[in-house]
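The primary structure of each chain is shown beneath.
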Amino acid sequence: MKIAIAGATGRIGAQLAALARSQGHDVVEIARETGFDLLAPVGLEDALAGADVVVDVTAAPLEVAGDFFPAVARNLGGAAAAAGVPRTVVLSIVGVDRSPDYDYYVAKLEQEEAYRATAPGVVVLRATQFHDFAGQMLEWNTQDGVAHIIDVPTQPVDTREIVKLLLEVATGEVEGDVDLAGPEQENLVEQVRRLVERARSDVKVEAVDGPPSMMGGSMLPGPDALLRGPSWAEWLEQEG
Ligand SMILES: NC(=O)c1ccc[n+]([C@@H]2O[C@H](COP(=O)([O-])OP(=O)(O)OC[C@H]3O[C@@H](n4cnc5c(N)ncnc54)[C@H](OP(=O)(O)O)[C@@H]3O)[C@@H](O)[C@H]2O)c1
């Protein structure tokens, strides 16, 4: 198949491109690094000509997410429709429809809606937090030796499982929208404390309130979600 990957140079995108190529697929890489700015695309329709599917795994920082995600969805979805690409796969996040108090999730929900309004054959894969999310939270939220971490339940998943399922959805092996999580529930503050202990760091971890929806469990998978891959603790052992 010919698979166009928007965000092909990112963490998920690069793994997806490698896996798709290893299975014999033809991959079109779409990112600013490969000459396509999806906020002001030029030549996108030509690049998508003959593609069987477009997969969107782009990302932007929280500060610009509200503008970025719906705009990229309209531009890429519109180009996919014009080029006659029959299927568009979007990587979203479990809980985006249950967190109206968190701007990034609101933007991701708008991204899903914008795709459904513009592109044919839209399939949404919502995944929970990546296993390295707790490490990112530690890095981003530590100041003067104190990490302020939101006290929320999560059920993180291995990115390798996300990539495998994205490809299964892209090729039509798995049909319809799907939610994906790892096998075990965690608490973000406890995860970060564990990372600090492992690193024998003297950073102090303080629990802080997060968006009420998330503190109430909006990031957790529902009963129909697929649960795949190693738990966070198993992943940490393998990685560490
Ligand atoms: N982090 C989590 O725990 C989590 C959980 C579930 C779902 N997700 C979702 O997973 C998706 C992928 O995340 P990631 O961490 O793999 O992202 P990432 O590593 O930050 O990669 C982002 C990709 O988007 C491309 N991009 C950014 N701006 C662009 C633009 N204007 N035009 C074209 N391409 C652009 C980047 O390439 P260039 O810079 O070269 O343009 C890069 O290839 C995101 O949508 C995120 O919401 C994340």
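Relevant structure appears above.
Draft legend 1. Region of interest: the side chain of E161. By secondary structure assignment, the location of E161 is in helix α6 (residues 159–170). On the basis of relative accessibility, which here comes to 12%, the residue E161 falls in the buried class. Dropping the residues within four chain positions of it, E161 is found in contact with L180, R228 and G229.

Draft legend 2. Summary view of the pairing of strand β1 (residues 2–6). In terms of burial, β1 is a largely internal element, four of the five residues being buried. A crossover connection joins β1 to the parallel strand β2 (residues 26–30) through helix α1 (residues 11–22); in handedness this β-α-β unit is right-handed. When β1 meets strand β3 (residues 53–56), the two strands line up parallel, connected through four bridges. Paired with A6 across the bridge in β3 is D56.

Draft legend 3. Summary view of the sheet that holds strand β11 (residues 204–208). Spatially, three strands are ordered β6-β7-β11 in an open sheet, and the strand pairing comes out mixed. Strands with a single pairing partner mark the edges of an open sheet, and in this sheet they are β6 (142–143) and β11. Taken together, the two bridges between β6 and strand β7 (residues 146–150) define a ladder with antiparallel strand orientation. When the bridges of β7 are listed, Q143 appears paired with V146. Helix α7 (residues 188–198) contacts β7 and β11 of the sheet and is inclined by roughly 175° relative to β11.

Draft legend 4. The arrangement of the site of the ligand in detail. In the neighbourhood of the ligand, 28 residues make up the surrounding shell, with T9, R11, R32, T58 and K108 lying closest. R32 is positioned with one of its side-chain polar atoms (N or O) 2.7 Å from an oxygen atom of the ligand. D37 has a polar side-chain atom sitting 2.9 Å from a nitrogen atom of the ligand. In the complex, the protein chains occlude 86% of the 930 Å² of accessible area that the ligand would expose alone. Of all elements in the fold, only α1, α3 (62–83), β4 (87–93) and α4 (103–118) reach the threshold of two or more residues within the shell around the ligand. If you tally residues by element for the shell around the ligand, the top one is β4, at three residues. Classifying every residue of the shell around the ligand gives 16 nonpolar, seven polar and five charged.

Rules of the game
Residues numbered from 1 in each chain as written. Predicted model: local features only at pLDDT ≥ 70, side-chain atom pairs only at ≥ 80, totals over all residues. Heavy atoms only, no water. Helix = DSSP H or I, 4+ residues; strand = E, 2+ residues; numbered from the N terminus. Buried < 20%, exposed > 50% of the residue type's maximum accessible area, 1.4 Å probe, protein only. Contact = heavy atoms within 4.5 Å. Right-handed = clockwise from strand over helix to strand, strands pointing away. Pairing = 2+ DSSP bridges. Axes fitted to C-alpha atoms, helices over the stretch in contact; angles between N-to-C directions. Near = heavy atom within 4 Å. Polar contact = N/O pair within 3.5 Å; in protein donor to acceptor, adjacent residues only side chain to side chain. Areas by Shrake-Rupley, 256 points an atom, 1.4 Å probe, with all protein chains shown as cover. Nonpolar A, V, L, I, M, F, W, Y, C, P; charged D, E, K, R; others polar.

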